[in-house]
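For reference, the chains in residue letters:
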Amino acid sequence: MADSVLVMPGSTRAGSHNAALGAAIVDRLVGRGVAAEFVDLREFPLPLFDPELEAADGVPAAARRLHDLLARHAGLVIVTPEYNGSISTLLKNTIDWISRVDRSVLQRPVVALASASPSSKGGATGRASLRAMCDHMGVGLLDRELGLARSHEVIVEGVIDDGQASAEIDAFVAAVAEAFG
Ligand SMILES: Cc1cc2nc3c(=O)[nH]c(=O)nc-3n(C[C@H](O)[C@H](O)[C@H](O)COP(=O)(O)O)c2cc1C
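Predicted, not measured: the structure shown is a model, and the values here were computed from it.

What follows covers the site of the ligand. With respect to spatial proximity, 15 residues lie near the ligand, and among them Ser11, Ser16, Asn18, Pro81 and Ser119 are the closest. Split by residue class, the shell around the ligand holds four nonpolar, nine polar and two charged.

Take a look at the structure:
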């Protein structure tokens, strides 16, 4: 298991703010000499979790591939959208399927949460919901989180275009890098 970080945004929307934030995190980790990989969940299409489907067909190959990808990284940054005060359906569904392969694979040595939202709270409620889920699954998280508020204003054509937001991303990335010791 290499000292590398998988950055997983929970949105596949074209123009996703969370994907833009995830890309910025990857760039800055690499800039600090930390290997990092962006995962586009569109490459891991999964049906809506259904125990009947699982009983009939087993766990989809895409869930096994994603499990194996996670296992190859020591670090994980989950970048979650906030939907109705929780995480996106895509992210919840993805985590549920991975947990049917082996939920302990999410217990990477370094796991951190980030989010981007047009609201002034930057997706804090969604992150709290994800933190509770991670606690339940035995996934230890960095105390340091990142919330990109007013994402529709600070992300311009997929790029972070705001000095304060940029400084916050840098501080978060530094904390992730330092967590590797
Ligand atoms: C069904 C739905 C519920 C949402 N609920 C919230 C919410 O509770 N809090 C929030 O800050 N934004 C909420 N939003 C707005 C999303 O944060 C916004 O669409 C964001 O851009 C989605 O992430 P993405 O750009 O990465 O796709 C909601 C959007 C949708 C479609």
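At Asn84, a residue that is not glycine, the phi angle is positive and equals roughly 50 degrees. Relative to the elements of secondary structure, Asn84 occurs in the loop between β3 (73-80) and α4 (89-102). Residue Glu157 is not a glycine yet carries a positive backbone phi of 50 degrees. Tracing the sequence through the fold places Glu157 in the loop between β6 (155-156) and β7 (159-160). A residue is classified by how many C-beta atoms lie within 10 Å of it, and Glu157, with 7 of them, is exposed.

This part takes up α4. With 14 residues, α4 ought to run about 20 Å at 1.5 Å a step, and its terminal C-alpha atoms sit 20 Å apart, in line with that. Those residues of α4 lying buried are Leu91, Thr94, Ile95, Trp97 and Ile98. Summarising the axial view, the buried residues of α4 lie within an arc of 165 degrees, below the 170-degree limit, and thus occupy one face. For α4, the elements touching its buried residues are α3 (61-71) and β3.

As a further point, take the pairing of strand β4 (residues 110-116). Within a regular strand, side chains alternate between the sheet's two faces. Of all seven residues that make up β4, seven are buried, and the element is covered over most of its length. With burial as the criterion, each face of β4 is covered, one bearing Val110, Ala112, Ala114 and Ala116 and the other bearing Val111, Leu113 and Ser115. Of the strand pairs in this sheet, β3 and β4 are connected by six bridges, and their pairing is parallel. Bridge pairing in β4 links Ile78 to Leu113. Handedness of the crossover is the feature at issue here: the chain leaves β3, passes through α4, returns alongside β4, and the resulting connection is right-handed. Bridge count between β4 and strand β5 (residues 146-148): three bridges; the pairing is parallel. Directly across from Ala116, in β5, lies its bridge partner Leu148.

It is at 10 Å that the axes of helix α1 (residues 17-31) and helix α7 (residues 163-179) come closest, and there the two elements cross at 55 degrees. Put simply, α1 runs oblique to α7. The chirality of how α1 crosses α7 is right-handed. Contacts from Ala24, Ile25, Arg28 and Leu29 of α1 reach α7 at Ile169, Asp170, Val173, Val176 and Ala177. Class assignment for the residues of the contact of α1 with α7 results in seven nonpolar, no polar and two charged.

Below, the discussion takes up helix α5 (residues 124-136). Since one α-helical turn is 3.6 residues long, residues separated by three or four positions face the same way. Over its 13 residues, α5 extends 18 Å from the first C-alpha to the last, a length consistent with the 18 Å expected when each residue adds 1.5 Å. Three or more residues of α5 are buried, namely Gly126, Arg127 and Leu130. Projected down its long axis, α5 shows its buried positions confined to an angular sector of 95 degrees, all on one face. Exposed side chains of α5 directed beyond 90 degrees from the buried face belong to Ala132, Asp135 and His136. Looking one or two places after α5, you find Gly138, whose phi comes out positive at around 75 degrees.

Conventions we followed
- Residues numbered from 1 in each chain as written.
- Predicted model: local features only at pLDDT ≥ 70, side-chain atom pairs only at ≥ 80, totals over all residues.
- Near = placed C-beta within 6 Å.
- Nonpolar A, V, L, I, M, F, W, Y, C, P; charged D, E, K, R; others polar.
- Helix = DSSP H or I, 4+ residues; strand = E, 2+ residues; numbered from the N terminus.
- Buried ≥ 20, exposed ≤ 12 C-beta atoms within 10 Å, placed from the backbone.
- Expected span 1.5 Å × (residues − 1).
- Arc of directions from axis to C-beta.
- Contact = placed C-beta atoms within 7 Å.
- Pairing = 2+ DSSP bridges.
- Right-handed = clockwise from strand over helix to strand, strands pointing away.
- Axes fitted to C-alpha atoms, helices over the stretch in contact; angles between N-to-C directions.
- Parallel < 35°, antiparallel > 145°, perpendicular 65-115°, else oblique.
- Left-handed = near helix turned anticlockwise from the far one by under 90°.

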